[in-house]
Amino acid sequence: TDKVAIVTGASRGIGRAVALLLAIQGARVVSVARSADELEELAHKTNGLAVPADVADETDVQNVISEALRHYGRIDILVCNAGVGSFNLLEHFPADEWDRMFDVNVKGTFLFCKAVLPYFKAQKSGHIVGITSDVARRTFEHGTVYGASKFAQDAMLGSLRKEVRAQGIKVSTIYPGLVDTYFNEAKPGSLETEKTHLKPADIAQAVRYVLEAPPHVVVDELMIHPLTQEW
Ligand code: NJP
């Protein structure tokens, strides 16, 4: 395809793998994150565009949309992947961690969806892919705040799917289990996580799968776990 795809959280982890795979598939990729150097390198690799932005900042988000349209003239795909998480007992959570997780995971998804919708509606097509989490469907100790943000992001995408389907716009939600990334200050590539975690490329393949559905098909939801993950 020669579709134009915006991928948020593309500087590392899952988003980077998604950007690389979509570029190999022929998409023109607009990579978004705050780390400008990593994005520049990725833009070079993907022969695409890098637009540094904080997904929780509406002015930054509008700038991404403007740059994408200025360079490529259209937007076909939005992958809302940027996300952060930290884990603790509720009583120990600093309130600003609540703000950070809801700003990036929920408001970031909200702002990007809101910003692309006028263009998707005008062209009567477009595909939003949200990367949420398997914890949007289960609860666990130490996950009060992260889980609440992922339930919220998931509910928003589910409602949006119903709002836009009549306009030919698709919303697909992917729920990964453990993935070997930099998430929560992790260091990917250890012998241990090799056995217990999915690779970012596994999620990129899931994104490719939902995007390749024929025009009359929308994959609403796709849950994907390492075979070893018990919950
Ligand atoms: O994490 P990581 P993942 N504005 O830390 C970006 C979900 N998930 O790939 O801004 C813009 O390697 C950050 O870029 P930078 C998870 O909830 C994961 O695992 O330069 N971008 C980086 O590119 C999240 O939604 C697991 O710091 C911002 C990226 O986000 C998604 O997968 C399990 C930003 C994070 O890369 C990708 O996370 C699961 C901001 N304000 C769900 N803040 C898992 N790894 O096990 C951060 O169920 N980013």
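Details of the structure are given in the entry above.
Note that the coordinates shown come from a computational prediction; the quantities given were computed from them, not determined experimentally.

On to the packing of helix α1 (residues 13-24) against helix α7 (residues 200-211). For the pair α1 and α7, the least separation of the axes is 8 Å and the interaxial angle reads 50°. Judged on the interaxial angle alone, α7 and α1 are oblique. For the element pair α1 and α7, the recorded crossing hand is right-handed. Contacts between α1 and α7 involve Gly13, Ile14, Arg16, Ala17, Val18 and Leu21 from the first element and Pro200, Ala201, Ile203, Ala204, Val207 and Arg208 from the second. Taken together, the residues of the contact of α1 with α7 sort by class into nine nonpolar, one polar and two charged.

With that settled, consider the site of the ligand. Around the ligand lies a shell of 31 residues, among which Gly9, Gly13, Ser35, Gly83 and Ser133 are the nearest. Across the shell around the ligand, the residue classes break down as 15 nonpolar, twelve polar and four charged.

Strand order in the open sheet formed by seven strands is β3-β2-β1-β4-β5-β6-β7, and the pairing between neighbours is parallel. On the outer flanks of this sheet lie β3 (49-52) and β7 (221-224), each paired with one strand and no other. Averaged over all neighbouring strand pairs, the angle between strand axes comes to 15°, with direction disregarded. Relative to strand β6 (residues 169-176), strand β5 (residues 126-131) runs parallel, the two being bridged by six bridges. Bridging across to β6, glycine 130 finds its partner in threonine 173. Against the sheet, α1 contacts β1 (4-8), β2 (28-33), β4 (77-80) and β5, and its axis sits at roughly 165° relative to β1.

Analysis parameters
Residues numbered from 1 in each chain as written. Predicted model: local features only at pLDDT ≥ 70, side-chain atom pairs only at ≥ 80, totals over all residues. Axes fitted to C-alpha atoms, helices over the stretch in contact; angles between N-to-C directions. Helix = DSSP H or I, 4+ residues; strand = E, 2+ residues; numbered from the N terminus. Parallel < 35°, antiparallel > 145°, perpendicular 65-115°, else oblique. Left-handed = near helix turned anticlockwise from the far one by under 90°. Contact = placed C-beta atoms within 7 Å. Nonpolar A, V, L, I, M, F, W, Y, C, P; charged D, E, K, R; others polar. Near = placed C-beta within 6 Å. Pairing = 2+ DSSP bridges.

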